[in-house]
Amino acid sequence: MTLRGHRLGSTATALGAVAVAALSLTPVIYLFASGISLSDIRSEFHYPSTVSALLQTVGLTASVSVLTVAIGVGCALLVARTTVVLPRLLTVLFALPLAVPGFVSSYAAYSAQLLYVPRLDLVTSFTGASLVLALTLYPYVFLPCVVALRTIDPALEEVAASLRPQRLTRLRHVVLPALRPAIAAGVLIVALHVIAEYGAMVQLGQTTLTTKVMAEMLNYGDYQTARSLSLLLAGVSMLVLAITWIVATTGTAKQVAHGSNRPATFTSLGRWRLPIALVSLVVPIAALGPTVFMTTRGLTDPNRSVVVDWSTVGSALWSTTGYAVAAALVATLLAFPVSWWVTRRATRSSMITERLVWLAHAIPSAILALALVYLATHLVPSFYKTPSVLVIAYVILFLPLAVAYQRVGLGRRRRVTGHRPAPPVRAHLTTARPARVRGRGDPGRARCLEGADDHVDAPAVQRPHPVVPTLGDHERRVAGLHRGGAVRADARAARGGTGVLPGAARAAPRRAAAALRATRTKAAEPRLAHVRRYGDGPC
Amino acid sequence: VGQIQAEGAASKADVYLSEDPGPAAQLGAAGLFSKIAPATLRQVRPGLSSGKGLWVAYAARSRVLYYNPTLISAADLPKTLADIVKPEYKDKFAWAPSGAFVATTQYLIETQGEAATKTWLEGIKANGANEHKNGNVRDTVEAGRHAMGLSNHYYWWVLASQKGGPDKLRSKIYHFPTVDPGNLILSSGAGILKSSKHQAEAQAFVEWLTAPSGGQRLIADSPADVAEAQYPVAVGVASKISGDLSEVKSPKFDMDELAHSTQAEDLLKELGMSS
């Protein structure tokens, strides 16, 4: 591609990204357009309960974030860095809670409490509620961490281990810092979920800004105050966006050399391989147990008079799937300019654009819906009450998740194919690939390096080979075969591909479960035949 | 309400059906409704619809007290809503700051004054447990977490129908014995949007909805998972599940007053009794 073509392409991508960000800001624009001001927010602080709801929101966000990091990172380390038995099965089990919406698992936990210990506040206390929410949300941290753990340069860990032979040195000085961007991405999703959650909070007896917004609408019919509080909520979410940004961009991991990585080193658990796997099952069991148990109990209750009408369930499933597919396709397409731009050119404007996409995720869906009702009826009345408006709402909600996972994917793609282009033959012959890790802790710098092939203004990077057709994932995996790790490498790459799941999972749990199964199948069969070639295109 | 207001003149709705009187009164006060035909209004028992004829009641629910006989006997229950804040009931009851609770508060402010209402609310806050939702009030009383709970009548009937009959529940439903704000009847209202291009059809639908042989029969005879044990409001029609509305000893009041519950909202928020 010519330089001029590149410039045009970059400008088009940037414009597309800004347009997408503008779309996701729709609810915030509506909040301002509906005539609320900062003084409206101030007047809400006249009530002491606003302050306590704000504190409760911040407290729950913090506690759930900490818990999801502990659970998510712990589980990720277990499946990606130890010799635990059946790591693939464990990965699927650890990701499974994504298929149950927070409201459902909270309702199940609450019902179980009423059934067995009606007088206790097990799940309706702050601690209990934090735990129930964390068990529902930790996969958002777990999944990106698994992906990230597979891409850390083992050479770094070896250096660290050789300098300080203590067992935890690697973990502290290489692994955890390198996980920061993944943790930050996961915590961002978790935190914004907690901030915008309504149903689960009500069941768990927690009063947050979002429950107050809903109370204003449902109990008082006071939409003006609901909008004021939503704007305050947007303010809180900007704080979260800023904090996760800082966490993601502070780090220590540096590259050792260019090229892609060897497979990671695994900590041997010895004869504890099985017992530790069994103990770790506590996590998915605690997360899914109440839901599975209460659902089974309800369906098998001999006294129940409610008949499950499977045709209704079937048609609901059908329309859910339709909306989910449409929303997933559109969100994936629209997310692309944003993720592409911010991955290729980590400028301030691209990064701010990426952050803005997240704002809508922290606003209660009811407010988002009102915003779309208002805008659709005033701007495009012919679209109002058509499925397209609902799809747009889903797209705005799930766009950030698509962006987040595309960024992980684009980062991987570049590492795999971008910098050490080599013909397949070379790959087959290579037994130990020169190691290279992206400066994970410093995305700005890292992306400059990554983009160096394409951007003349990026710092010069040594490029020892001319640009020739590069390797696709499968070729890498084929190459891995010669290192004696084909199945594992393939599984890892395939599981990396589960990154798109969370958004879809919330929209259509069954589809997500099917996708998980498909991933497992895919992981089990390395398809050696599909060797793709990449020309000297943007990759 | 928010949706109808956001749509404004572009609304595609012809008829608006509310669950509680507040939202119907709110849209009526905002000038969004055409007047209901007098013949339609006459089909419904007096005192349930908008006094200005802006909307008509098509169903009703009443405030009630649930109690769990294993924790409190029927004889020990409070005789009036005001009595529930007495010391003997401390930590024995649940409540929820629902729309119906807000309506009760607004009614009390208008009939007994703000100061008395505030004292009563402080008692509720100090002695009761906020379970956030009327459905949770029902479930916690049924489970034995609380001896009593302030809620709406139909939650209990819906659960009874799901479990296979009222005798399958441990909790019971209690109406205060005399005319009392604890038995407050709240209408579900139907209004015709001024913006509708089908005024005649909308009037005809609302007339059918409130007719004893039309919509009212449907509400009276349908099982709880369809009509949710709501009371029909046409003269002479009673629910097969929850009975006749005339048995409910509710004080009469103008439900259009609920268009603006800002005083109740202010008071509840000031006391930190909001969700």
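Everything below is about the structure shown above.
Residues numbered from 1 in each chain as written. Chains lettered and ligands numbered in written order. Predicted model: local features only at pLDDT ≥ 70, side-chain atom pairs only at ≥ 80, totals over all residues. Heavy atoms only, no water.

A. A look at the overall build of chain A. Secondary structure assignment for chain A yields 25 helices and two strands. Looking at chain A as a whole, 53% of its 539 residues qualify as buried. Sequence separation of at least 24 residues holds for 84% of the intrachain contacts in chain A that already meet a minimum separation of 6. Working note: accessible area of chain A is about 23500 Å², and carbon and sulfur atoms make up 68% of it. (Helix = DSSP H or I, 4+ residues; strand = E, 2+ residues; numbered from the N terminus. Buried < 20%, exposed > 50% of the residue type's maximum accessible area, 1.4 Å probe, protein only. Contact = heavy atoms within 4.5 Å. Areas by Shrake-Rupley, 256 points an atom, 1.4 Å probe, with all protein chains shown as cover.)

B. Region of interest: the overall build of chain B. A count of helical and extended segments in chain B gives eleven helices and eight strands. Relative to the globule expectation of 19 Å for 275 residues, the C-alpha radius of gyration of chain B, 19 Å, shows essentially globular dimensions. For the C-alpha atoms alone, the extent of chain B along its principal axes is close to 55 × 40 × 30 Å. Evaluated residue by residue, chain B yields a buried proportion of 60% over its 275 residues. Within chain B, contacts between residues at least 6 apart in sequence are counted, and of these 74% link residues at least 24 apart. Within the structure as shown, chain B displays about 10500 Å² of accessible surface, and the carbon and sulfur contribution to it stands at 55%. Side chains of chain B carry 27 positive and 29 negative charges; the gap between the two charge centres is 3 Å. (Rg over C-alpha atoms; globule rule 2.2 N^0.38 Å. Lys, Arg positive; Asp, Glu negative; His and termini not counted. Charge placed at Lys NZ, Arg CZ, Asp CG, Glu CD.)

C. Region of interest: the interface of chain A and chain B. Opposite the 41 residues of chain A that make contact, chain B presents 37 residues. Where chain A abuts chain B, roughly 3100 Å² becomes buried across the two surfaces, and 49% of that area is made up of carbon and sulfur atoms. On the chain A side of the interface with chain B, the three residues burying the most area are A:Tyr47, A:Asn219 and A:Tyr220, jointly 21% of the side's total. Connecting chain A to chain B are three salt bridges. A:Glu44 is the partner of B:Lys269 in a salt bridge, and the nearest nitrogen-oxygen pair spans 3.2 Å. The interface formed by chain A and chain B includes 17 residue pairs in polar contact (both at pLDDT 80 or more). (Buried area = accessible area lost by both parts, 1.4 Å probe. Salt bridge = Lys/Arg side-chain N within 4 Å of Asp/Glu carboxyl O. Polar contact = N/O pair within 3.5 Å; in protein donor to acceptor, adjacent residues only side chain to side chain.)

D. Structural view of the pattern of salt bridges. Residues and elements named next belong to chain B. Per the stated rule, a full pass over the model turns up 16 salt bridges over all chains. Arg 61 is the salt-bridge partner of Asp 20, the closest N and O atoms lying 3.3 Å from each other. Here the residue Asp 20 occupies a position in the loop between β1 (15-17) and α2 (21-29), and Arg 61 occupies one in strand β3 (residues 56-67), the gap between them amounting to 41 residues. Residue Asp 20 is classed as buried on the basis of its relative accessible area, which comes to 17%. The exposure class of Arg 61 is buried, given its relative accessible area of 2%.

E. Just the packing of aromatic side chains, in detail. Residue and element names in this part refer to chain B. Tallied over the entire structure, the rule returns 15 aromatic pairs over all chains. Ring geometry for Tyr 67 versus Tyr 174: centroids 6.3 Å apart, planes at 85°, classification edge-to-face. On the criterion of sequence distance, the pair formed by Tyr 67 in strand β3 and Tyr 174 in strand β7 (residues 172-174) is long-range, its members being 107 residues apart. In terms of burial, Tyr 67 and Tyr 174 fall into one category: buried. (Phe/Tyr/Trp six-rings, centres within 6.5 Å; stacked < 30°, edge-to-face > 60°.)

F. Region of interest: the packing of helix α12 (residues 209-218) of chain A against helix α18 (residues 365-379) of chain A. All names here are of chain A. Where α12 contacts α18, the two axes come as close as 10 Å, and the packing angle between them is 55°. As far as their axial angle goes, α18 and α12 are oblique. Of the residues in α18, those touching α12 at Val 213, Met 214 and Met 217 are Ala 366, Ile 367 and Leu 370. In the contact of α12 with α18, the residues fall into six nonpolar, no polar and no charged. (Axes fitted to C-alpha atoms, helices over the stretch in contact; angles between N-to-C directions. Parallel < 35°, antiparallel > 145°, perpendicular 65-115°, else oblique. Nonpolar A, V, L, I, M, F, W, Y, C, P; charged D, E, K, R; others polar.)

G. Main features of α12(A). In terms of burial, α12(A) is a largely internal element, nine of the ten residues being buried. For α12(A), the complete set of buried residues consists of A:Leu209, A:Thr210, A:Thr211, A:Lys212, A:Val213, A:Met214, A:Ala215, A:Glu216 and A:Met217.

H. Just the packing of helix α5 (residues 87-95) of chain A against helix α8 (residues 139-149) of chain A, in detail. Residue and element names in this part refer to chain A. For the pair α5 and α8, the least separation of the axes is 9 Å and the interaxial angle reads 145°. Across the interface between the two elements, Thr 91, Phe 94 and Ala 95 of α5 pack against Pro 139, Phe 142 and Leu 143 of α8. Of the residues belonging to the contact of α5 with α8, the class tally is five nonpolar, one polar and no charged.

I. Expanded view of the nonpolar core. Counting residues in hydrophobic clusters, the biggest one holds 164 residues, and the most contacted among them are A:Phe94, A:Phe142, B:Ile124 and B:Met148. Considering each element in turn, this core owes the most residues, 14 residues, to helix α10 (residues 169-196) of chain A. Aside from chain neighbours lying at most four places away, what touches B:Ile124 is B:Ile84, B:Val85, B:Phe93, B:Trp95, B:Phe101, B:Leu150 and B:Met273. Formed by 15 residues, the second largest nonpolar core is a distinct cluster that contains A:Ala331, A:Val338, A:Trp341 and A:Val403. (Core = buried A, V, L, I, M, F, W, Y, C linked by side-chain atoms within 4.5 Å.)

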